[in-house]
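Examination of the molecular architecture
These are the residues of each chain, in order.
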Number of protein chains: 2
Amino acid sequence: MAEIVSKATIRDVARAAGVSVGSVSRALNGGKNVSARVARDVAAAAEKLRYQPDFQARSLRTRTTGMVGCLVSDVANPLYASIVQAAEARLRETGLLMVVANTANDPARERAMVAAFRSRRLDGMLVAPGSDENDRAWRDLATGGAPVVILDRDVPGEGDRPWPAVLVDHREGARTATRYLIGLGHRRIALLTPGARMRPGRERIAGFKAAFAEADIDPEGALICLQESSMDFAQGDALELLRRDRRPTAIIALGTRILAGALRAARDLGHSVPRDLSVIAVGDTDLAAVHSPAITALRWSLEDVGRAAAELLLQRLRGTGEGQSRALLPVDLVLRESCVPPPTT
Amino acid sequence: MAEIVSKATIRDVARAAGVSVGSVSRALNGGKNVSARVARDVAAAAEKLRYQPDFQARSLRTRTTGMVGCLVSDVANPLYASIVQAAEARLRETGLLMVVANTANDPARERAMVAAFRSRRLDGMLVAPGSDENDRAWRDLATGGAPVVILDRDVPGEGDRPWPAVLVDHREGARTATRYLIGLGHRRIALLTPGARMRPGRERIAGFKAAFAEADIDPEGALICLQESSMDFAQGDALELLRRDRRPTAIIALGTRILAGALRAARDLGHSVPRDLSVIAVGDTDLAAVHSPAITALRWSLEDVGRAAAELLLQRLRGTGEGQSRALLPVDLVLRESCVPPPTT
DNA sequence: GGTTGAATTGGAAACGTTTCCATACTGCGG
DNA sequence: CCGCAGTATGGAAACGTTTCCAATTCAACC
């Protein structure tokens, strides 16, 4: 009949079971040094009172909150959403909750959120900084003692050793894609990617250039076009690119929005994909898979990134040996219909 | 030079400022009843010691955590991701953190997460239950006293009054879309949407049927095809649908994955969109906007949903008058290139 | 100068746990 | 029968805040 639920405190349970609060705590948690009788009575009392321990109070004493933070520029970005999703799944399995915050790549906001996380005493955090230089914030957090795992960024690191991180081999991916296009005969290829402020862009550019270098062809054909990550910008840039005299015959475009912009620009100019323009998507989004023609894409597993990051963090939280401190995930080129040899002019 | 940061407690500040802890607390929070001298000294001491209050401890005393939960089936689903993003943005403005959890529409997991949220004493929560019947879980939470805002679901409600909720007018949207297709001359139209277990599906079906009813045409042409939300399923179903003798001449398909399945099926069968098959997307995703041909779509603002939900929750948290308790957001049909009159057979 | 009421302050009691410590109890070997 | 080691137990301290309450100061007014 008890309608008023859940005001039950450990003291109530103790009283109901006729033991001390200390015993209740031991019975419910440790199980160590507790007699069968006490265990039984406490369990019964807890059940009857629908006792649910108060995490806040427990946290205060144990200095652990059972929560980890996740800081990304935008959870709605498909390239992050799946990472967050997978990480949450893994963390939940161990009873951890995940608090997420969007930074929009604003360093001030990043610092503010790190401070908030620390002030809330979150046990750890997963972060994808908006630039590699803002490591003061992470350092701050680290001095708070909470482990940090970096998502696909090169953050300088803490004195001696680098931060634990999950990295994606964008360089090799970009090189493979570029090599493939060169192999098809393309000599002028544009790479559309957000700025080199962050690791993924930097690595892609490096791989892109490497492919040109190793093919020993005119590096002038490697058109690097840095982007805001927005469809309209990309469309404008792509239009400009495709109107040039010696326009690129192939485009490598990041994500959903930039890819979309490029595709639109091509359509607006009456270029047919792949006949007039080959296209490779970086990141295998719904759009790439379903577009007609289906877009050849560089794919890496976002789920793996999330899972691996969670795993790395869990290792640190448990303090079980250092284990490995970084993971490098592979990138595959999945061949579809959007690449053919360049038109013969 | 102080390298060891952030062990500073309020007691340290009190000592450094030469006042009592009570005064420090008042100086830092209330500002009420505190002399200029104390305010100055405390501020200075806090600054010098880099004092950051411990939210855990504060929570214990104030019974408020500054965190709200968000429970959806899958944050990586584009239809949720933007909602979460927008809600987080609004909540953050007021200093609240958001913890998210994915339920995969599993009622057991939903209950478990609600329990976890309550146990952590989250101040409130935003939830999109996987079915409308699992309201026991929310009732539990409500008895914990934390306000709940429902995202686009019909949850029976708490005795007298319904839960606060943000709803989308899917019925009207579906009706508009269907009416539009009928107006173009279509008589056999398929609606591909996930089951009627949840409000959006139910409402869409109702609107779909209503359009047929009001047009006074053969309701046999209203082909309702319930779906798992997965591309492969949708593709299979769509193939079956399009192979029928009297195949639909238009398809209304939900989201990214089902839409993608339908588009693929059409392509596999050599049906050209829109010549042989008109298509309307439900939900204006990247895919719909960028596909060639661009897909006419039902659009509602996910950002508005998230913002409105956050706003409703904030109202409840502040306890400022009841305000309105539900919002109904409009759905627009954005016309693109994927709908034309049916082929004349 | 004394009285009064408000403004400020310090001290201590909460908040609900976990964990430490001292005590009581148990069984066992001498 | 007496230590004695180990195990169970109760009581209390601690975690870091906020907030209550009583005490003190202060200014102003008679």
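The numbers attached to residues start from 1 for each chain and follow its sequence in the written order. Note on labels: chains are lettered from A, ligands numbered from 1, in written order. A pLDDT threshold of at least 70 governs which residues receive local features in this predicted model, and a stricter bar of 80 or more applies before side-chain atom pairs are shown or counted, although totals over entire chains, interfaces and linings include all residues. Based on all heavy atoms of the structure, the side-chain values leave hydrogens and waters out of the count.

All names here are of chain A. We define a salt bridge as a contact between a side-chain nitrogen of Lys or Arg and a carboxyl oxygen of Asp or Glu at a distance within 4 Å. Under the definition given, this model contains 40 salt bridges over all chains. For Glu214, the salt bridge goes to Arg179, with nearest N and O atoms at 2.6 Å. Placement of Glu214 in helix H9 (residues 199-215) and of Arg179 in helix H8 (residues 170-184) is noted, with a sequence separation of 35 residues between them. What you see here is one network of salt bridges that share partners, running through Glu172, Arg175, Arg179 and Glu214. We count a stretch as a helix when DSSP gives it H or I for four or more residues in a row; a strand needs E for two or more, and each element gets its number in order from the N terminus.

Let us look at the sheet that holds strand E10 (residues 296-299) of chain A. All names here are of chain A. For two strands to be treated as a pair, DSSP must find at least two bridges joining them. Across the sheet, 6 strands lie side by side as E7-E6-E8-E9-E10-E12; this open sheet has mixed pairing. At either end of the open sheet lies a strand with only one pairing partner, and these are strand E7 (222-227) and strand E12 (332-334). On average, each strand axis in the sheet is tilted by 20° relative to the strand beside it, whichever way the strands run. Taken together, the 5 bridges between strand E8 (residues 250-254) and strand E9 (residues 278-282) define a ladder with parallel strand orientation. For Ala253, the partnering residue across the bridge sits in E9 and is Ala281. Structural elements are reduced to axes, namely lines fitted to C-alpha atoms, with helices fitted over the stretch in contact, and the angle between N-to-C directions of any two is expressed from 0 to 180 degrees.

Okay, the protein's contact with DNA strand C next. Note on definitions. A residue lies near a molecule or strand when any single heavy atom of the residue is within 4 Å of it. The environment of DNA strand C is formed by 27 residues, the closest being A:Ile10, A:Ser25, A:Asn29, A:Arg61 and B:Ser35. Each atom of DNA strand C within 4 Å of the protein was classed as base or backbone; sugar and phosphate made up 62%. Within the contact set of DNA strand C, a base oxygen lies 2.5 Å away from a side-chain nitrogen or oxygen of A:Arg61. Any pair of nitrogen or oxygen atoms within 3.5 Å is treated as a polar contact; in protein, a donor-acceptor pairing is required on top of that, and neighbouring residues in sequence qualify only through side-chain atoms on both sides. The side chain of B:Ser35 places a nitrogen or oxygen atom 2.7 Å from a phosphate oxygen of DNA strand C. No other element matches the 5 residues that helix H4 (residues 55-62) of chain A contributes to the surface near DNA strand C. Broken down by class, the residue content of the surface near DNA strand C amounts to 9 nonpolar, 10 polar and 8 charged. Only Asp, Glu, Lys and Arg are considered charged, only Ala, Val, Leu, Ile, Met, Phe, Trp, Tyr, Cys and Pro nonpolar, and every remaining residue, Gly among them, polar.

Residue and element names in this part refer to chain A. A pair of aromatic rings is counted whenever rings of Phe, Tyr or Trp (Trp by its six-membered ring) have centres within 6.5 Å, and the orientation is called stacked for planes under 30 degrees apart, edge-to-face for over 60 and tilted otherwise. For the structure shown, the criterion picks out 2 aromatic pairs over all chains. Between the aromatic rings of Phe208 and Phe212, the centroid separation amounts to 5.3 Å while the plane-to-plane angle is 65°, which identifies the pairing as edge-to-face. Taken together, the residues span about one helical turn, with Phe208 and Phe212 both in helix H9 at a distance of 4 residues. For the pair Phe208 and Phe212, one class covers both residues: buried. When accessible area is computed with a 1.4 Å probe and restricted to protein chains, residues below 20% of their type maximum are described as buried, those above 50% as exposed, and intermediate ones as partly exposed.

All names here are of chain A. Between its first and last C-alpha, helix H13 (residues 302-318) extends 24 Å over 17 residues, near the 24 Å set by a 1.5 Å rise per residue. Residues of H13 that are buried include every one of Leu302, Val305, Gly306, Ala308, Ala309, Ala310, Leu312, Leu313, Leu314 and Arg316, and no others. If you follow the buried residues of H13, they end up packed against strand E1 (67-72), helix H5 (78-93), strand E3 (124-127), strand E4 (148-151), strand E5 (165-168) and strand E11 (326-329). Given the number of residues in a helix, its expected span is that number minus one, multiplied by 1.5 Å. Working rule for contacts: check all heavy atoms of both residues, and any pair within 4.5 Å makes them a contact.

So, about the protein's contact with DNA strand D. Taken together, 28 residues are adjacent to DNA strand D, and A:Ser35, B:Ile10, B:Ser25, B:Asn29 and B:Arg61 come closest. Close to the protein, within 4 Å, the atoms of DNA strand D belong to sugar or phosphate groups at a rate of 65%. Between DNA strand D and B:Thr9 there is a distance of 3.2 Å, counted from a phosphate oxygen to a side-chain nitrogen or oxygen. Between DNA strand D and B:Ala57, the relevant distance is 3.4 Å, taken from a base nitrogen to a main-chain nitrogen or oxygen of the residue. Elements represented by at least two residues in the surface near DNA strand D include exactly helix H2 (21-28) and H4 of chain A together with helix H1 (10-17), helix H2 (21-28) and helix H4 (55-62) of chain B. For the surface near DNA strand D, the leading source of residues is H4(B), giving 5 residues. Across the surface near DNA strand D, the residue classes tally to 9 nonpolar, 11 polar and 8 charged.

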